[in-house]
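The residues making up each chain are set out below.
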Amino acid sequence: MSKKTLTLLAAASTLVLTACVTPGGGQITTGNAATAATGAAGGAASVNANSSLERCDAPLGTLAVDDGRGKEWFASFGQATQVTNIEPLIRLAVQQSNCFVITSIGNSRTEGKLSAITNKQRNSGEFRAGSRQQKGQRVAADYYLEPAIIINNESVGGLAAGLGGLFGGVAGALAGNLQSKQSVVTMTMFDIRSGVQLSISEGNATATNYGAALGAFGGGAAAGLGGFSRTPEGKATVAAFMDAYNNMVVSLRNYKAQEVKGGLGRGGQLKVGK
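Conventions used here
Residues numbered from 1 in each chain as written. Predicted model: local features only at pLDDT ≥ 70, side-chain atom pairs only at ≥ 80, totals over all residues. Heavy atoms only, no water. Helix = DSSP H or I, 4+ residues; strand = E, 2+ residues; numbered from the N terminus. Buried < 20%, exposed > 50% of the residue type's maximum accessible area, 1.4 Å probe, protein only. Contact = heavy atoms within 4.5 Å. Core = buried A, V, L, I, M, F, W, Y, C linked by side-chain atoms within 4.5 Å. Salt bridge = Lys/Arg side-chain N within 4 Å of Asp/Glu carboxyl O. Phe/Tyr/Trp six-rings, centres within 6.5 Å; stacked < 30°, edge-to-face > 60°. Pairing = 2+ DSSP bridges. pLDDT = per-residue confidence, 0-100.

## Examining the overall build of the chain
Right, so step 1: What the chain contains, in helices and strands, is nine helices and nine strands.
Right, so step 2: Counting only residues that meet the buried cut, the chain has 38% of its 274 residues in that class.
Right, so step 3: Taking the contacts inside the chain whose residues are at least 6 apart along the sequence as the reference set, 73% of them involve residues at least 24 apart.

Structure representation (structure tokens):
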């Protein structure tokens, strides 16, 4: 094996071992957790949840989670990160936190399928008596949660300079490609009955785009490890959403309703001249 090949392997191994996703609230190594949302939830029970996830002693109400698919940012986000859906991971974290009971409302595909199944079981006449498929059984959502990506994969500076002392010329080849990327997201919660915004939070995370740097070494290296070039950035966005949710939970645990003299929606206090 040539000296150049050994140097390349050492550089690539170092990058793989040190590449990480860092959310606003802590550090998550990509080799240990697929995303910042981990484990499972069953009712109020939680298994292997991220240790940094904020929790509630009791649910605050029922929640509809927007699936994001109709938003202007979703298509370009999916192409850049290879993330096909963010909603299930948000739902996982929300249920594990025990802060809300999640409903199917908000995900148009899931809601459409459930409605079709309900309609068939209720009206086809093919199902056993006593199946209790009648009106009035669905649970209404109290609140609506809307995720949004504000900045996706924004470059926050090259990282190759630090490799110069270790790998010499190899670091120079990496310099133009090895970067730290940032994702900034928001979560907004509305009261469905009144339409009032109850809470909004920001989350952020960074990821090392080490796979893109392998292009400097030609097709062999890029074919072997190039798939990592986008995955960490997608994981950073998921971690940013977890950061935003944690921030929201902390705020909601100390929630105090905003009051307007005279009542909401009745003219307000900022009067205009006649």
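Alright, that's what it looks like, and here's the rest.
## Let's talk about helix 3 (residues 87-97)
Right, so step 1: With respect to burial, helix 3 is a largely interior element, eight of its eleven residues being buried.
Right, so step 2: If you check which residues of helix 3 are buried, you get Glu87, Ile90, Arg91, Leu92, Ala93, Val94, Gln96 and Ser97.
Right, so step 3: With its phi angle positive at about 65 degrees, Asn98 sits one or two positions after the end of helix 3.

## Section: unusual backbone geometry
Right, so step 1: Unusually for a residue other than glycine, Asn98 sits at a positive phi of about 65 degrees.
Right, so step 2: Relative to the elements of secondary structure, Asn98 occurs in the loop between helix 3 and strand 6 (101-102).
Right, so step 3: The class of Asn98 is buried, set by a relative accessible area of 15%.

## With respect to the nonpolar core
Right, so step 1: Among the nonpolar cores identified, the biggest contains 32 residues, and Ile90 and Phe100 are the most heavily contacted of them.
Right, so step 2: No other element matches the ten residues that helix 9 (residues 231-253) contributes to this core.

## Details of the pattern of salt bridges
Right, so step 1: Using the criterion set out here, one finds four salt bridges in the structure.
Right, so step 2: Notably, a salt bridge pairs Glu87 with Arg91, separated by 2.5 Å at the nearest N-O pair. Note that Glu87 and Arg91 are positioned in helix 3 at a spacing of four residues, about one turn of the helix. When sorted by exposure, Glu87 lands in the same class as Arg91, which is buried.
Right, so step 3: One salt bridge connects Arg138 with Glu111, and the closest N-O pair in it is separated by 2.8 Å. In this pair, Arg138 is assigned in the loop between helix 4 (108-123) and strand 7 (143-158) and Glu111 in helix 4, connecting sequence segments 27 residues apart.

## A word on the packing of aromatic side chains
Right, so step 1: Tallied over the entire structure, the rule returns two aromatic pairs.
Right, so step 2: Between Phe100 and Tyr143 the ring centres are 6.0 Å apart and the planes differ by 80 degrees, which places this aromatic pair in the edge-to-face class. In this pair, Phe100 is assigned in the loop between helix 3 and strand 6 and Tyr143 in strand 7, connecting sequence segments 43 residues apart.
Right, so step 3: On the numbers, 6.4 Å between centres and 35 degrees between planes, the contact of Tyr144 with Phe190 is tilted.

## Considerations on the pairing of strand 5 (residues 62-65)
Right, so step 1: Side chains Thr62 and Ala64 of strand 5 all project onto a buried face; the interleaved residues Leu63 and Val65 project onto the opposite face, where all are buried too.
Right, so step 2: Alignment of strand 5 against strand 6, held across two bridges, turns out to be parallel. Residue Leu63 lies in a different strand from strand 6, and its bridge partner there is Ile102.

## Brief notes about the confidence of the model for the chain
Right, so step 1: Scored by pLDDT, the chain comes out at a mean of 73, with 64% of its residues at no less than 70.
Right, so step 2: Ignoring residues within four places in sequence, the model shows residues 25-33, a span with pLDDT below 50, making 17 contacts including any to other chains.
Right, so step 3: Of the regions scoring below 50 in pLDDT, residues 211-230 engages in 31 contacts with residues more than four places distant in sequence or in other chains.

## Points about the environment of Asn119
Right, so step 1: By the secondary structure assignment, Asn119 is in helix 4.
Right, so step 2: Judged by relative accessible area, Asn119 falls into the partly exposed class, the value being 45%.

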